[in-house]
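# Examination of the molecular architecture
If you want the building blocks of each chain, they are given just below.
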Amino acid sequence: EAGVTQSPRYAVLQEGQAVSFWCDPISGHDTLYWYQQPRDQGPQLLVYFRDEAVIDNSQLPSDRFSAVRPKGTNSTLKIQSAKQGDTATYLCASSLGTISNERLFFGHGTKLSVL
Amino acid sequence: GDQVEQSPSALSLHEGTGSALRCNFTTTMRAVQWFRKNSRGSLINLFYLASGTKENGRLKSAFDSKERYSTLHIRDAQLEDSGTYFCAAEARTGGYKVVFGSGTRLLVSP
């Protein structure tokens, strides 16, 4: 079974530049999560989807961050104008999204450095 | 909001010894997962529990939703167990929101 695929693996930007991260979840997984993990901290939820619908994006900095999952499969997370404080690993995870099992499977992540 | 408090933040063990990591929850959680961050930085799922205990080799996890905590016990620690461990809990109220603890950095030494 293919796992969660993310690209790119690494990104280095100057402040003010834009970047997009792409995630392909495990086939059949209805729920998709984007987490931000600063160095030496736990993952912090940014946004999650059930199919194509955003369920919770309350932690997503809406002025610069956006996330879509138009067909309920792949997802894109975009930072419009990156800041140094955005330096972190961005993790995508997916799950079956059932009451009985919300086990998360993670991709390798995209390590972002904003200079 | 939903809070997951993980402790200790760092732990040093000698080979062959054991200890426990703990996560306390400020609200009722539906399930808990434990992850280990591997050498490539990927989060590997160790356990998923909706209740009770599970054991896998030298690792054992317990989850008590009513008492709002979960534990991860490591026995006979080996050098390769070194790494960062995270708990993540699924809120009982609303959707499938999964919130992480801040992690425990484990170092196993000879």
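Throughout, a residue's number is its position along its own chain's written sequence, starting from 1. To read the labels, note that chains go from A and ligands from 1, taken in the order they are written. Where totals are concerned, whole chains, interfaces and linings use all residues; where local detail is concerned, this predicted model gives features only for residues with pLDDT of at least 70, and gives and counts side-chain atom pairs only at 80 or more. Side-chain numbers here rest on the full set of heavy atoms in the structure, without hydrogens or water.

### So, the packing of aromatic side chains
- Any Phe, Tyr or Trp ring, taking Trp's six-membered ring, that has another such ring centre within 6.5 Å forms a pair; planes under 30 degrees apart are called stacked, those over 60 apart edge-to-face, and the others tilted. Following the criterion strictly, the structure yields 11 aromatic pairs over all chains and no others.
- When the ring of Tyr33(A) is compared with that of Tyr48(A), the centres are 5.1 Å apart and the planes differ by 15°; the resulting orientation is stacked. Of this pair, Tyr33(A) sits in strand β4 (residues 31–37) while Tyr48(A) sits in strand β5 (residues 44–50); the two residues are 15 residues apart in sequence, bridging distant segments of the chain.
- Between the aromatic rings of Phe106(A) and Phe35(B), the centroid separation amounts to 5.4 Å while the plane-to-plane angle is 85°, which identifies the pairing as edge-to-face. In this pair, Phe106(A) is assigned in strand β10 (residues 105–106) and Phe35(B) in strand β4 (residues 29–37), connecting two distinct chains. For the pair formed by Phe106(A) and Phe35(B), the shared burial category is buried.
- Through successive ring pairs, a cluster of aromatic residues spans Tyr33(A), Tyr35(A), Tyr48(A), Phe106(A), Phe35(B), Phe86(B) and Phe100(B).
- The ring of Tyr69(B) has Arg22(B) lying over it, and the distance from NZ or CZ to the ring centre is 4.2 Å. Working definition: helices are DSSP H or I runs of at least four residues, strands are E runs of at least two. Numbering for both runs from the N terminus. Only protein chains enter the calculation, and the probe is 1.4 Å; a residue is then buried if its accessible area is under 20% of its type maximum, exposed if over 50%, and partly exposed in between. For a lysine, the NZ atom is tested; for an arginine, the CZ atom; a charge sits over a ring if that atom is within 6 Å of the ring centre and within 35 degrees of the ring normal.

### Considerations on the confidence of the model for chain B
- For every residue, the pLDDT score states the predictor's confidence, bounded by 0 at the bottom and 100 at the top. Counting all residues, the mean pLDDT for chain B is 92, and 95% of those residues have values of 70 or more.
- Confidence, expressed as mean pLDDT per element, reaches its minimum in chain B at strand β10 (residues 98–100) of chain B with 89 and its maximum at strand β8 (residues 69–74) of chain B with 98.

### Comments concerning the sheet that holds strand β8 (residues 75–79) of chain A
Residue and element names in this part refer to chain A.
- The rule for pairing is simple: two strands pair if DSSP sees at least two bridges between them. Taken in spatial order, the 4 strands line up as β1-β3-β8-β7 in an open sheet, and their pairing is antiparallel. Single-partner strands in this sheet number two, and they are β1 (5–7) and β7 (65–68). Across the sheet, the mean angle separating the axes of adjacent strands is 15° when strand polarity is ignored.
- Bridge analysis of β7 against β8 gives 4 bridges, and the strand direction is antiparallel. What sits directly across from Ser66, in β8, is Lys78. With axes taken as lines fitted to C-alpha atoms, and helix axes fitted only over the stretch in contact, angles between N-to-C directions fall between 0 and 180 degrees.

### Looking at the state of the cysteines
Residues and elements named next belong to chain A.
- Cysteine sulfur atoms are paired as a disulfide whenever they fall within 2.5 Å. All chains considered together, the criterion is met by 2 disulfides over all chains.
- Covalent S-S linkage joins Cys23 and Cys92, the inter-sulfur distance amounting to 1.9 Å. The sign of the -70° torsion about the S-S bond sets the Cys23-Cys92 disulfide as left-handed. Highlighted residues: Cys23 in strand β3 (residues 19–24) and Cys92 in strand β9 (residues 88–95), separated in sequence by 69 residues.

### Concerning the pairing of strand β2 (residues 10–14) of chain B
Residue and element names in this part refer to chain B.
- Alternating residues of β2 divide into Leu11 and Leu13, all buried, and Ala10, Ser12 and His14, none buried.
- As defined by bridge partners, β2 adjoins strand β11 (residues 104–109) across 5 bridges and the pair is classed as parallel. Bridging across to β11, Leu11 finds its partner in Leu106.

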